[in-house]
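Tertiary structure, described
Take a look at the letters that make up each chain.
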Amino acid sequence: MDLRIFTEPQQGATYDTLLEVAKATEDLGFDAFFRSDHYLPMGSADGLPGPTDAWITLAGLARETKRIRLGTLMTAGTFRLPGVLAIQVAQVDQMSGGRVELGLGAGWFEEEHKAYGIPFPKEKFARLEEQLAIVTGLWATEAGKTFSHHGTYYDLTDSPALPKPAQAKVPLLIGGHGATRTPRLAAQYADEFNMPFASIEDSERQFGRVRAVAEQAGRKGEDITYSNALVACVGKDDAEVARRAAAIGREVDELKANGLAGTPDEVVDKIGRYAEIGSRRIYLQILDLGDLDHLELISARVQSKLV
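Residues numbered from 1 in each chain as written. Predicted model: local features only at pLDDT ≥ 70, side-chain atom pairs only at ≥ 80, totals over all residues. Heavy atoms only, no water.

Observations regarding the overall build of the chain
Along the backbone of the chain there are eleven helices and twelve strands. In terms of overall size, the chain behaves like a compact globule, its C-alpha atoms giving a radius of gyration of 19 Å where 307 residues would be expected to give roughly 19 Å. Over its C-alpha atoms, taken along the principal directions, the chain stretches across nearly 60 × 45 × 35 Å. By the burial criterion, 53% of the 307 residues in the chain qualify as buried. Taking contacts inside the chain between residues at least 6 apart in sequence as the whole, the part at least 24 apart equals 73%. In the structure as shown, the chain presents an accessible area of about 13,600 Å², 51% of it carried by carbon and sulfur atoms. Averaged over its 34 positive side-chain charges, the chain has a centre that lies 4 Å from the centre of its 44 negative ones. (Helix = DSSP H or I, 4+ residues; strand = E, 2+ residues; numbered from the N terminus. Rg over C-alpha atoms; globule rule 2.2 N^0.38 Å. Buried < 20%, exposed > 50% of the residue type's maximum accessible area, 1.4 Å probe, protein only. Contact = heavy atoms within 4.5 Å. Areas by Shrake-Rupley, 256 points an atom, 1.4 Å probe, with all protein chains shown as cover. Lys, Arg positive; Asp, Glu negative; His and termini not counted. Charge placed at Lys NZ, Arg CZ, Asp CG, Glu CD.)

Observations concerning the environment of G29
Along the chain, G29 falls in the loop between α1 (15-27) and β2 (32-35). Filtering out sequence-adjacent residues up to four positions away, G29 remains in contact with R67 and Q303.

Here we look at helix α5 (residues 124-140)
With 17 residues, α5 ought to run about 24 Å at 1.5 Å a step, and its terminal C-alpha atoms sit 24 Å apart, in line with that. Taken as a whole, α5 has its buried residues at K124, F125, L128, E130, Q131, L132, I134, V135, G137, L138 and W139. In this fold, the buried residues of α5 make contact with α3 (82-96), β5 (100-105), β6 (147-150), β7 (155-159), β8 (172-175) and α6 (181-189). (Expected span 1.5 Å × (residues − 1).)

Side note on the nonpolar core
Ranked by size, the top nonpolar core spans 73 residues in total, and within it L3, W55, L102, L284, I298 and V302 carry the most contacts. Of all the elements, α5 adds the most residues to this core, at seven residues. Listed in part, the seven residues of the second largest apolar core include F6, L173, A229 and Y283. (Core = buried A, V, L, I, M, F, W, Y, C linked by side-chain atoms within 4.5 Å.)

A closer look at the pattern of salt bridges
The full count for this structure, using the stated rule, is 23 salt bridges. Note that E101 is salt-bridged to R4, the shortest N-O span being 2.9 Å. Of the two residues, E101 sits in strand β5 while R4 sits in strand β1 (residues 2-7), which places them 97 residues apart along the sequence. Of the two residues, E101 and R4, both sit in the buried class. Ionic pairing is found between K145 and E142, a salt bridge with its closest N-O pair at 3.6 Å. Salt bridges here are not isolated pairs; linked through shared partners, they connect K236, E240, R243, R244 and D291. (Salt bridge = Lys/Arg side-chain N within 4 Å of Asp/Glu carboxyl O.)

Things to note about the side chain of K124
Position of K124 relative to the elements: it lies in helix α5. E110 provides the closest opposite charge to the buried, unpaired K124, separated from it by 7.2 Å. Among residues more than four places away in sequence, those in contact with K124 are T78, A106 and G107.

Some details on the pairing of β6
Consecutive residues of a regular strand have side chains that alternate between opposite faces of the sheet. Alternating residues of β6 divide into F147 and H149, all buried, and S148 and H150, none buried. As paired elements, β6 and β7 share three bridges and run antiparallel to each other. Note that in β7 the partner of F147 across the bridge is S159. Here β6 folds back onto β7 in antiparallel fashion, the turn holding four residues. (Pairing = 2+ DSSP bridges.)

Digging into the packing of aromatic side chains
Considering all chains together, one arrives at six aromatic pairs under this definition. When the centroid spacing of 4.7 Å and the interplanar angle of 25° are considered together, the rings of Y39 and F79 count as stacked. A residue pair is termed long-range when its members are at least 10 positions apart, and Y39 in the loop between β2 and α2 (54-64) and F79 in the loop between β4 (75-76) and α3 qualify at 40 residues. When sorted by exposure, Y39 lands in the same class as F79, which is buried. One aromatic cluster is present, formed by Y39, F79 and Y116 through successive ring pairs. Cation over ring: R181 sits above F125, and NZ or CZ is 4.2 Å from the ring centre. In this structure, R211 packs its charged tip against the face of Y226, placed 4.5 Å from the ring centre. (Phe/Tyr/Trp six-rings, centres within 6.5 Å; stacked < 30°, edge-to-face > 60°. Lys NZ or Arg CZ within 6 Å of the ring centre and 35° of its normal.)

Section: the side chain of R4
A residue is classified by how much of its surface remains accessible, and R4, at 2% relative accessible area, is buried. A polar contact of 2.9 Å, which involves the side chain of R4, links it to the side chain of E101. Here the side chain of R4 touches Y283 through a polar contact of 2.8 Å, side chain to side chain. Ignoring sequence-local partners within four residues, the contact set of R4 consists of D31, A32, F34, R69, E101, E192, R281, I282, Y283 and L284. (Polar contact = N/O pair within 3.5 Å; in protein donor to acceptor, adjacent residues only side chain to side chain.)

Some words on the packing of α2 against α3
Across the interface, α2 lies against α3 with an axial gap of 8 Å and an inter-helix angle of 15°. The angle between the axes of α2 and α3 places the two elements in the roughly parallel class. Viewed along their axes, α2 and α3 form a crossing whose handedness is left-handed. Contact residues: W55, L58, A59, A62 and R63 in α2; L85, V89, V92, M95 and S96 in α3. Among the residues making up the contact of α2 with α3, the classes are represented as eight nonpolar, one polar and one charged. (Axes fitted to C-alpha atoms, helices over the stretch in contact; angles between N-to-C directions. Parallel < 35°, antiparallel > 145°, perpendicular 65-115°, else oblique. Left-handed = near helix turned anticlockwise from the far one by under 90°. Nonpolar A, V, L, I, M, F, W, Y, C, P; charged D, E, K, R; others polar.)

This is a description of form; function is not addressed.
Below, the structure written as structure tokens:
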């Protein structure tokens, strides 16, 4: 079971804070540092000092880290044209020496689009399907040849399909709760399928859908890595758990029901139950980015017990 650190910088974080967390992620032996792709805070957070752009952030971290994987859960398809996104991700992959992964979703938070003048189309999922075809098609085009795509929403003619990522294939993540279209896209494009903030039962059901559709399409279901994203709130005892829950404005019982909360032994046990239904990777949503002791505890008392 891989443990990855997942941050939500739109809630309030500078690049320097993210760099500190990313370096701790690397030093403490976690597998990867991921971040969301949002421009407005959610809930009661003030979001100060303001948003940081996902791919600009990852470009900086690519030069400041050496081992950890870097990526997004999820890049919003509404934010960037697919040709531009393919260039950005390929460049950051080169800057990292081949450590980038791309999580790509349709986009959903209408208010942030209004706030920054970003179009919020009705046909988001259909656009996502074309974006996936374009990004993967550009990367897969042999050097010296060109790529064209004439679709409903995007039109590319004789693109040189450059630059190329450092990796032969950038891992592509698709996720979500949709029962029909999401598994179909995952079966076609995903190296990893992620269930965000879902119960064991809902995750098992959705993983099963993805496996079934993949196998119907002639692909082995187990060729896809299955993962979960869950909020983390771990403490060495009940008092520390309560303190960390209060710091992020959540209740302990709710966190235990919907995330990975409690003592290290409790969290190891719950991760084991996700592993039993096929999850092989957990993205730990860390909401208090100033609490690096939290990461140290998870590394020493949770990660060390996972095989």
